[in-house]
Every structure is written in C-alpha cells, then in structure tokens.
Amino acid sequence: MEIKSNQLIRKTFAIISHPDAGKTTLTEKFLLFGGAIKTAGAVKSNKASQSAASDFMEIEKQRGISVATSVMGLVYKGIKLNLLDTPGHKDFSEDTYRTLTAVDSVILVIDSVKGVEEQTRRLMEVCRMRATPVMIFINKMDRPGQDPYDLLDELEKTLAIQVRPLTWPINNGRDFKGVYNLYDKNLNLFSPNKKGISKDIISIRDLSDIALDKWIGRDAAQLREDVTLIEGVYPEFEKNEYLKGKVAPVFFGSALNNFGVKELLDTFVQVAPLPQKRAVTTGEIYPEQSDFSGFVFKIHANLDPRHRDRIAFLRVVSGHFRRNKIYNHVRLGRKLRFSNPTNFLANEKELIDDAFPGDVVGLYDSGNFKIGDTLTEGEAFHFKGIPSFSPELFREVSNKDPLKTKQLEKGLDQLTDEGVAQLFVKELGARKIIGTVGELQFEVIQYRLFHEYGASCEFLKLPLFKACWIRSSDPEALRIFLDRKSNAIALDKDGSPVFLAESKAVLQATMDSYPQIEFLFTSEMVKVEEE
C-alpha cells in the first residue's frame, strides 16, 4: 500500500530541445514555481554573469551550454516531480538518449522564431521509438517569430505526430500579452518577471467578459476568433492518446518572462503519466511490485570537485528503496549497501532514507557501477534498452606529461564510465583511442582531465569511420576474423572485441567477406542477446 500511495504522487520527466531553445530557462522556472529556488538566472551568452541552477560544471558556466544531464526534484501541488534537464547540444545527444530511458514523459521546447530544428527531429524520433508521451512548449513568443498556425503545421509535418494546442498566445513579439488556457478555459494576465513569480495576476474566466476588452484591447476580438477556430478544427484533447504517445499537447509562452509556464506546469501535473513498467530480460517489471529494482542510467565523476566524488544515478522502477539495506548488484553478483543515498537539486544534494518508483537516487560509487547496471532485492535480471552507440569520431590519446600517467588513466577510465565517450585499447602497443559522437566532447574531456585530474593530453585525429562490436555463433570463424583483422581490432572497456573500419566502403566489404560475423552498432544489443 505504501508503494502504491507514493507512486501516485510521482512524475518523472525530461526537458529536451535543440540548443538555445530555452530548455534550461524553462527548467529554472519550474524550480521557481515549485519553490526549489527563490530567484532565476538566465544563461544568455558565454559571458553570462549568472549561470543557470542546473548548469553546475565549470565548463558549462564558461560556455553557457549544458553538457551533462542534471537531476532535480521539486514538489508542485502535492506532486513530487523528478526533472531531468538534458544537454541540448547534438555532440552530447548520447547522454540525452540514455536519459530518456529513465523518464516516463518528455517536455520538448521549440524556439518560436526558428521552429523545428535538426536536433529536435532526432530527439522526437527517439521518443516516438519508445512511445514516450510528449508535451511541446513553443518558447520565445515575446520575440517576433513565426505564425502560431504555421508552427502547428510544421510540428505535425516534421515531427510526424498529431498536435493539439492547449494554450493559445495573445499576439507575439513586443505585443505578446500572455496565453489563453484552452484546457482549463481561463486567462491569467500578469507582468513579465525574469527573476521571480508575478503577484499582480488578473484572472479572466470567460472570454465573453468585457473585462477582456479592457485589459488587452483590440487583441480580445482576435483571441475570441482564434479560440473558436481552434476548438472547431482540432478534436477534443484525449488524455489516453497523449499517454500512448500519439498526440502531443502544445503550449505557447515565454520561459524567460514566465508567460505560459504556469499553464504548462498545471496541466502537466494533471495529465502526465505516473511511473511506468520497464522491460527486463525475464519479462516486465511493474512499479507496484513489492520487491525493489532499479537501473543506473548515468554516472558522473567529480560532481563536487572539492570531494572528488563519483555518483551513479539510479532510477527506481519498483518496490521501496531503503538506505542501509543490502541489494544485489546483478552484473557483479555482489551484495551492496548504501549508507549515503541522495536526492538532487542540480549540484545540491540531500541525504534520503527512502525512495519509490519514479525517483532518481544518487549512489556514491567507488567503481562498482557501469551504465545499464541493475540493482534488485535478489532476483537476477537486467533492464533492457539502455544503449551505447557506435561512435563516429576517433582520436588517439597522447600523454603530454608522463609523470601524470596514473592520473590520466584514472581520468580516462572514470570519464568514459560516464558515457560521454568510449575508450578502446589496441593490444599492439596498448594505444588508447577515444570514440565520441560529437567534436565538442573531446574538448570537454580534455578540460576535465586537466582541471579534475591534473592530467594533460592531446588528441590525435584518426582516419576511422565506425566502430562495430563483433560476434559470431561460430568460434572458429570469429578466431580467424580476429587474427586476419588484428590491425583493425581493439577492445572496449568490457574486453569485447571491436572492429574499427577506416571507411564505409571498407566496412561494407568486410561485412560481405565475412558473412559469419555479426557487426553490431550498439553494445546494448550484445548484452541483451548474450543473456
């Protein structure tokens, strides 16, 4: 009963977007409405004097971008919200993709000026693949942008999902006055406020009220016309269709000025999904099951550089997690106890005694965890669907300070455990190769190696196209392949062989020449199949 009652007050979600759409600003405003912070700071540029609450790494503050997923908790209207603020930059999309395995729904932020952008489409593909419920927030309505009707058409065409507006803007740009709530049938007018919550709210319950004409003038007639048109063109919002990932409710606003944020948040706590079931190697795990289970979807070293800590982020899927209770680490077959589990507000942590389905728990880790690891009360199974993608960019690591070799090796080991990059080692000469999906990751790794581990290195570009995990049901065929292609074989951190192809043509020719060898582009596929 305790598990069920706690599950009914939890919602776990991610905020995702293309860079600079206003994702982190919206995150801060959620924290503001939930009382988790008292004032908001906006990341406007690389010279921003006040960084966002959720951007805690020094390099994030310097560059004005998010490069790591932040985990935050807040309470709004009696609902515990577990909010994951993800990197927007495409070079860190792998971290975002993995984070999406730990949430039950998503809020997608769109820039009203730029509309749907490249990274938006990629993120939506992942959500659609997992049938994740999506709400869309069209941001920056306080700037001259695209027509709202055109934006709705663009969303449906480019994201391949049916949309249903649940708020509607009153003008845009300098004349933007707020949004009408189509879901709750009301209108709140208040002054822009970049730092806090406006107190001078004017509430109008009926569009026919003449007070509307008084406050927004000639825009009142246009609003009434727009609302009539929308209600006539779009079918009524169906919550179940949203929960199936088939309809995306759309909200308009300006996160910077607080317009439309409360309407989004109020609707979210009403309709967003509760903690959901997850697939495992033995079937499915439901939140209401009594036995605890959870999986690690992220690892972060040096969350607090002063203490050189390493935190594993665990999503609770079922049961009741308790501090100091012994749990089974399935991959290692070991029993572990956690005396200092934590909750988060960005880099602020607090000790907790309990956690329930939907919660994200920080576990201090001495090197026991890898991304995708499972904890249970005893049963042996693994959660599915936590991917490690084949990298597309490769650099060989060159140590610039031989006296700091141990620090470099420790740093590379810990940072690649986080999933920001993958480490491959060529047996001949023990050459270390870093593989990533984006160029900026090399800069972040180099920066963190120096500032967090005191290690200096440079990355030497390698002419490689793709890394593929390989396997075969024929051990002799695999042995022959590894022997003949030894110059192109490296080992990943688990000791699994990886084929490093120099070009697309070489990869295709190799696959054609060795039909008994399977070439895999995500390591998660290897885990699942082997189990």
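Going by the structure above, here's the rest.
Here's what I pulled together on the structure shown here. (Residues numbered from 1 in each chain as written. Predicted model: local features only at pLDDT ≥ 70, side-chain atom pairs only at ≥ 80, totals over all residues. Heavy atoms only, no water.)

**Digging into the pairing of strand 3 (residues 79-85)**
Taking burial as the measure, the seven residues of strand 3 include seven buried ones, the bulk of the element. The side-chain alternation of strand 3 yields two buried faces, one formed by I79, L81, L83 and D85 and the other by K80, N82 and L84. Inspection of the sheet shows strand 2 (residues 70-76) paired to strand 3 by seven bridges, in the antiparallel sense. For Y76, the partnering residue across the bridge sits in strand 3 and is I79. Taking the residues that link successive antiparallel strands as the turn, the strand 2-strand 3 hairpin has two residues, and the phi of K77 there is positive, at about 55°. (Buried < 20%, exposed > 50% of the residue type's maximum accessible area, 1.4 Å probe, protein only. Helix = DSSP H or I, 4+ residues; strand = E, 2+ residues; numbered from the N terminus. Pairing = 2+ DSSP bridges.)

**A few points about helix 5 (residues 118-129)**
Along its twelve residues, helix 5 runs 17 Å from first to last C-alpha, staying within 8% of the 16 Å computed at 1.5 Å per residue. Among the residues of helix 5, those classed as buried are Q119, T120, L123, M124, V126 and C127. Looking straight down helix 5, one finds its buried side chains confined to an arc of 155°; they lie on one side. (Expected span 1.5 Å × (residues − 1). Arc of directions from axis to C-beta.)

**Brief notes about the environment of L314**
Inspection of the secondary structure puts L314 in strand 15 (residues 310-318). Those residues in contact with L314, other than ones at most four positions away along the chain, are F292, G294, F295, V296, F297, D359, V360, V361, L363 and L375. (Contact = heavy atoms within 4.5 Å.)

**Some points on the environment of G283**
Structurally, G283 can be placed in strand 13 (residues 283-285). Taking C-alpha positions, G283 is 9.9 Å from K384, a pair spaced 101 residues apart along the chain.

**Topic: the nonpolar core**
Formed by 76 residues in total, the largest nonpolar core has its most connected members in I136, I138, L155, L223, F321 and F369. Among the elements that line this core, the one with the most residues is strand 15, at six residues. Contact partners of L223, with chain neighbours within four places excluded, come to W168, I170, Y180, L187, L207, L212 and I216. Formed by 31 residues, the second largest nonpolar core is a distinct cluster that contains F33, F251, A255 and F268. (Core = buried A, V, L, I, M, F, W, Y, C linked by side-chain atoms within 4.5 Å.)

**A look at the packing of aromatic side chains**
Counted under the stated rule, the structure contains 20 aromatic pairs. Relative to W168, the ring of Y149 lies with its centre 4.8 Å away and its plane at 50°, an arrangement referred to as tilted. Placement of the pair is Y149 in helix 6 (residues 148-159) and W168 in strand 7 (residues 167-170), with a sequence separation of 19 residues. By relative accessible area, which is 1% here, W168 ends up buried. By the ring-pair criterion, three or more aromatic residues cluster together here, those being F292, F321, Y327, F338 and F369. In this arrangement the basic side chain of K298 is found over the ring face of F313, its NZ or CZ atom lying 5.8 Å from the centre. The ring of F465 has K466 sitting right over it, with the charged end atom 6.0 Å from the ring centre. (Phe/Tyr/Trp six-rings, centres within 6.5 Å; stacked < 30°, edge-to-face > 60°. Lys NZ or Arg CZ within 6 Å of the ring centre and 35° of its normal.)

**Focus on the side chain of S472**
With respect to the element layout, S472 can be found in the loop between strand 28 (466-471) and helix 13 (475-484). Within the structure, the side chain of S472 is placed 3.0 Å from the backbone nitrogen of D474, a separation counted as a polar contact. Within polar-contact distance, the side chain of S472 engages the backbone oxygen of Q516 at 2.8 Å. If sequence neighbours within four positions are ignored, S472 has contacts with A477, L478, Q516 and I517. (Polar contact = N/O pair within 3.5 Å; in protein donor to acceptor, adjacent residues only side chain to side chain.)

**With respect to unusual backbone geometry**
Positive phi, normally seen in glycine, also occurs at D20, with a value near 70°. Within the secondary structure, D20 sits in the loop between strand 1 (10-17) and helix 2 (23-33). The class for D20 is exposed, based on a relative accessible area of 56%. Backbone geometry at A131 places phi at a positive 55°, although glycine is not the residue there.

That is the geometry; function is a separate question.
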